[in-house]
Amino acid sequence: MESKLYNSNEYKKIVEDLLKGEVVGFPTETVYGLAIVYNNKEAFNKLYEIKNREINKPISMMVSSIDVLKKVAVIDENSNKVINHFMPGPLTIILKAKDNLPEHVTFNQKTIGIRIPDHQLALKILEEVGLPLLVTSANISNEPSLIKANDVKEKFNGKIASLIDEDAINGKASSVVNVMEQVIVYREGPISKEQIEEVLGG
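Residues numbered from 1 in each chain as written. Predicted model: local features only at pLDDT ≥ 70, side-chain atom pairs only at ≥ 80, totals over all residues. Heavy atoms only, no water.

1. Looking at the side chain of Thr-92
Okay, so step 1: Position of Thr-92 relative to the elements: it lies in strand E6 (residues 91-97).
Okay, so step 2: Taking the relative accessible area as the measure of exposure, Thr-92 reaches 4% and is therefore buried.
Okay, so step 3: A polar atom in the side chain of Thr-92 sits 2.8 Å from the side chain of Ser-174.
Okay, so step 4: Look past the residues within four positions of Thr-92 in its chain and what remains in contact with it is Ser-60, Gly-113, Ile-114, Arg-115, Ser-174, Ser-175, Val-176 and Val-177. (Helix = DSSP H or I, 4+ residues; strand = E, 2+ residues; numbered from the N terminus. Buried < 20%, exposed > 50% of the residue type's maximum accessible area, 1.4 Å probe, protein only. Polar contact = N/O pair within 3.5 Å; in protein donor to acceptor, adjacent residues only side chain to side chain. Contact = heavy atoms within 4.5 Å.)

See below:
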């Protein structure tokens, strides 16, 4: 079955598909994303199969606000400073996961990567779903991340339920950092290690 292409005003159709346990696509301020509701194991398995992703590589979580973030992760002092300064924004921060998360989300690790997007449509989808999403870049593993909706449609047609007909903005994946003990940058994106250290006063 062909993947449905919706305009940004029809985002509630994307929300419906997410709540049905489907994989959907939508743009962010970084790259185009593929998303599922975080607590649906079947959707999780489907997403990994679609991306041909190694099963031991966790997917980061996207939330609509710091309040939601606090429900799924523990925020230490350093992380709090970075979150308040850079979020919403193109930053994925590694935090201590709370015990209430499903096993498939954390792979029994004690941490999770979380991001609040600085993108109006992505935030609307998150707020409407009312649950955190697991969101990964729209690509086959080890291939370049896709930016344009048409490219995503072509690559994943029939594999995902639906997607938004709007391109991502920046084209550069989010920075991935851990600041709990020292500043560790796993992936440098739009936000640099120097910017983070400046916020932390170091």
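2. Describing the environment of Ile-160
Okay, so step 1: Relative to the helices and strands, Ile-160 resides in the loop between helix H7 (149-156) and strand E9 (162-164).
Okay, so step 2: Looking at Ile-160, the relative accessible area reads 3%, which means it is buried.
Okay, so step 3: As a C-alpha pair, Ile-160 and Ser-3 span 157 residues in sequence and 5.9 Å in three-dimensional space.
Okay, so step 4: Those residues in contact with Ile-160 that sit more than four places away from it in its chain are Ser-3, Val-23, Val-24, Gly-25, Leu-34, Ile-50 and Val-152.

3. A few points about the packing of helix H1 (residues 11-19) against helix H6 (residues 120-129)
Two packed helices can be described by the angle between their axes and the distance between those axes.
Okay, so step 1: Following both chains from N to C, one finds H1 and H6 inclined at 45 degrees, their axes separated by 9 Å at the closest point. Judged by the inter-axis angle, H1 sits oblique to H6. Where H1 crosses over H6, the handedness of that crossing is right-handed. Facing H1, whose interface residues are Tyr-11, Lys-12, Ile-14, Val-15, Leu-18 and Leu-19, H6 presents Leu-121, Lys-124, Ile-125, Glu-128 and Val-129.
Okay, so step 2: Each residue belonging to the contact of H1 with H6 can be placed in one class, and the counts come to eight nonpolar, no polar and three charged. (Axes fitted to C-alpha atoms, helices over the stretch in contact; angles between N-to-C directions. Parallel < 35°, antiparallel > 145°, perpendicular 65-115°, else oblique. Left-handed = near helix turned anticlockwise from the far one by under 90°. Nonpolar A, V, L, I, M, F, W, Y, C, P; charged D, E, K, R; others polar.)

4. A word on the packing of aromatic side chains
Two aromatic rings, taken as a pair, are described by how far apart their centres are and by the angle between their planes.
Okay, so step 1: Enumeration over the complete set of coordinates arrives at three aromatic pairs.
Okay, so step 2: Between Phe-44 and Phe-107, the aromatic rings sit 6.0 Å apart at their centres with planes inclined by 55 degrees, giving tilted as the arrangement. Here Phe-107 lies in the loop between helix H5 (103-106) and strand E7 (111-115) and Phe-44 lies in helix H2 (residues 41-51), a separation of 63 residues in the sequence.
Okay, so step 3: Among the residues examined, Phe-44 registers a relative accessible area of 2% and is labelled buried.
Okay, so step 4: Linked through ring pairs, Phe-44, Tyr-48 and Phe-107 together constitute an aromatic cluster. (Phe/Tyr/Trp six-rings, centres within 6.5 Å; stacked < 30°, edge-to-face > 60°.)

5. Focus: the nonpolar core
Okay, so step 1: If you look at the biggest cluster of nonpolar residues, it comprises 64 residues, and the most contacted ones within it are Phe-26, Met-61, Ile-125, Leu-133 and Ile-196.
Okay, so step 2: A per-element tally of this core places H6 first, with six residues.
Okay, so step 3: Excluding its chain neighbours within four sequence positions, the residues that come into contact with Leu-133 are Leu-18, Phe-26, Ala-35, Ile-36, Val-37, Tyr-38, Ser-60, Met-61, Met-62, Ile-125 and Leu-126. (Core = buried A, V, L, I, M, F, W, Y, C linked by side-chain atoms within 4.5 Å.)

6. Details of unusual backbone geometry
Okay, so step 1: The step from Met-87 to Pro-88 runs through a cis peptide bond, and the omega angle for that step is 0 degrees.
Okay, so step 2: Residues other than glycine seldom take positive phi values, yet Asn-52 does so here, at roughly 55 degrees.
Okay, so step 3: Among the structural elements, Asn-52 can be located in the loop between H2 and strand E4 (61-62).
Okay, so step 4: Taking the relative accessible area as the measure of exposure, Asn-52 reaches 58% and is therefore exposed.
Okay, so step 5: Phi is positive for Phe-107, close to 55 degrees, though the residue is something other than glycine.

7. Quick look at the pattern of salt bridges
Opposite charge on two side chains permits pairing when their charged atoms draw close.
Okay, so step 1: One pass over the full model with this rule turns up six salt bridges.
Okay, so step 2: The salt bridge involving Arg-115 is made with Glu-29; its shortest N-O contact spans 2.8 Å. With Arg-115 in strand E7 and Glu-29 in the loop between strand E2 (24-26) and strand E3 (33-37), this residue pair connects regions lying 86 residues apart in the sequence.
Okay, so step 3: Of the residues examined, Glu-29 reaches a relative accessible area of 9% and is grouped as buried. (Salt bridge = Lys/Arg side-chain N within 4 Å of Asp/Glu carboxyl O.)

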